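One-letter residues, chain by chain:
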Amino acid sequence: MANPILITGMSGLIGSAVRSALEDDVELRALNRSNVEGVPTTRADLADLDAIRPAFEGVDAVIHLAAKAGERFTWQELLDTNITGTRNVYQAAADAGCKRVIFASSGATVSGYEQIEPYKSLVEARYEDAPATWPLISPEMPTRPTGVYGSTKVWGEALGRHYADTTELSIICLRIGFVNRTDRPTRARDFSIWCSQRDIVDLIVKSVQIDSTTKYAVLFGTSRNKYGYRDLTNAVALAGFNPQDNAEDFR
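Residues numbered from 1 in each chain as written. Predicted model: local features only at pLDDT ≥ 70, side-chain atom pairs only at ≥ 80, totals over all residues. Heavy atoms only, no water.

(A) Main features of the pairing of strand E6 (residues 170-176). With seven of seven residues buried, E6 lies mostly within the body of the structure. Alternating positions in E6 separate into two faces, Ser170, Ile172, Leu174 and Ile176 on one and Ile171, Cys173 and Arg175 on the other, with burial throughout. By the bridge criterion, six bridges tie E6 to strand E7 (residues 216-221) in an arrangement that is parallel. The residue of E7 that forms the bridge with Ile172 is Ala217. (Buried < 20%, exposed > 50% of the residue type's maximum accessible area, 1.4 Å probe, protein only. Helix = DSSP H or I, 4+ residues; strand = E, 2+ residues; numbered from the N terminus. Pairing = 2+ DSSP bridges.)

Here you go:
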């Protein structure tokens, strides 16, 4: 895409990593609460539609990473950022004539499956209790969110479907695994859901480049973990995702 790419939440961990991967080849813009040094930044609250609109002018693709992640936030914070904010990003993108929004969804949309076997054994690292193989959770299966946060990401995916069906936008939802600053698994559960910074950046960049005929898709994004339970088939087929890392390398 020749026009600039807008990244919301560029100052965050994943946003910073995506910036590093793209800034030498693509003109970038940021939509952020704080200024991003070296990048044209629109400083605004996602909950304020009129305030964020200027960031979308002349943009082809939006990588929407900004969110309140996890259960430590109040309902009002989740509402303002993840619910109202995501709707405003879609609306501003559609109104500005953007072509694609990459929505940073979350594995929390399906992590409720970890309450049942064999996924419970996998995330608790009780591998001796797990079968030799297990059915993978695919994007086509019903969501099973954990907490209010995971539920807000289900909302973002559903709203993306609506905007893909009713506007010119193409929406790619990425159910991102556990990405951390140390860039390695640190807990038992991580060996199932971890995603390296290198792998998630690769998936995001390749999702921007998915053929424009794809109006809507939901893809899982984890590293190729031995004990993973999220199906990467769609991401491999549609985006050409080829995870380079595996949590087992850190045993």
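(B) Structural detail: helix H7 (residues 197-208). The first and last C-alpha atoms of H7 sit 17 Å apart over twelve residues, in line with the 16 Å expected at 1.5 Å per residue. The element H7 is largely enclosed, with a buried count of nine among its twelve residues. By the burial criterion, the buried members of H7 are Gln197, Asp199, Ile200, Val201, Leu203, Ile204, Val205, Ser207 and Val208. (Expected span 1.5 Å × (residues − 1).)

(C) Inspection of the nonpolar core at higher detail. Ranked by internal contacts, the top residues of the largest apolar core, which has 50 residues, are Ile63, Ile200 and Leu219. A total of six residues in this core trace back to one element, the largest contributor, which is H7. Setting aside anything within four residues of it in sequence, one finds Ile200 in contact with Ile14, Ile176, Val179 and Cys195. Counting residues in each nonpolar core, the second largest holds 26 residues, with Leu6, Val62, Ala66 and Cys173 among its members. (Core = buried A, V, L, I, M, F, W, Y, C linked by side-chain atoms within 4.5 Å. Contact = heavy atoms within 4.5 Å.)

(D) Up close: helix H3 (residues 75-96). For H3, which comprises 22 residues, the first-to-last C-alpha distance of 30 Å matches the rise-based estimate of 32 Å (1.5 Å per residue) to within 8%. Approximately 40° is the largest bend angle found in H3, and it occurs at Gly85. Considered for burial, the residues of H3 that qualify are Leu78, Thr81, Asn82, Ile83, Gly85, Thr86, Asn88, Val89, Tyr90, Gln91, Ala92 and Ala93. Taken together, the buried residues of H3 touch helix H2 (49-52), strand E4 (61-64), strand E5 (100-106), helix H5 (147-166) and E6. Gly97 lies just past H3 and shows a positive phi near 80°. (Bend = angle between axes of the 7 residues up to and from the residue.)

(E) Region of interest: the pattern of salt bridges. Per the stated rule, a full pass over the model turns up 16 salt bridges. Here Glu124 and Lys120 are joined by a salt bridge, their closest N and O atoms 2.8 Å apart. Its relative accessible area of 37% is what places Glu124 among the partly exposed residues. Across the salt bridge formed by Arg126 and Asp129, the nearest N and O atoms sit 2.8 Å from each other. What makes Arg126 partly exposed here is its relative accessible area of 22%. Because the salt bridges share partners, they merge into one network encompassing Glu117, Lys120, Glu124, Arg126 and Asp129. (Salt bridge = Lys/Arg side-chain N within 4 Å of Asp/Glu carboxyl O.)

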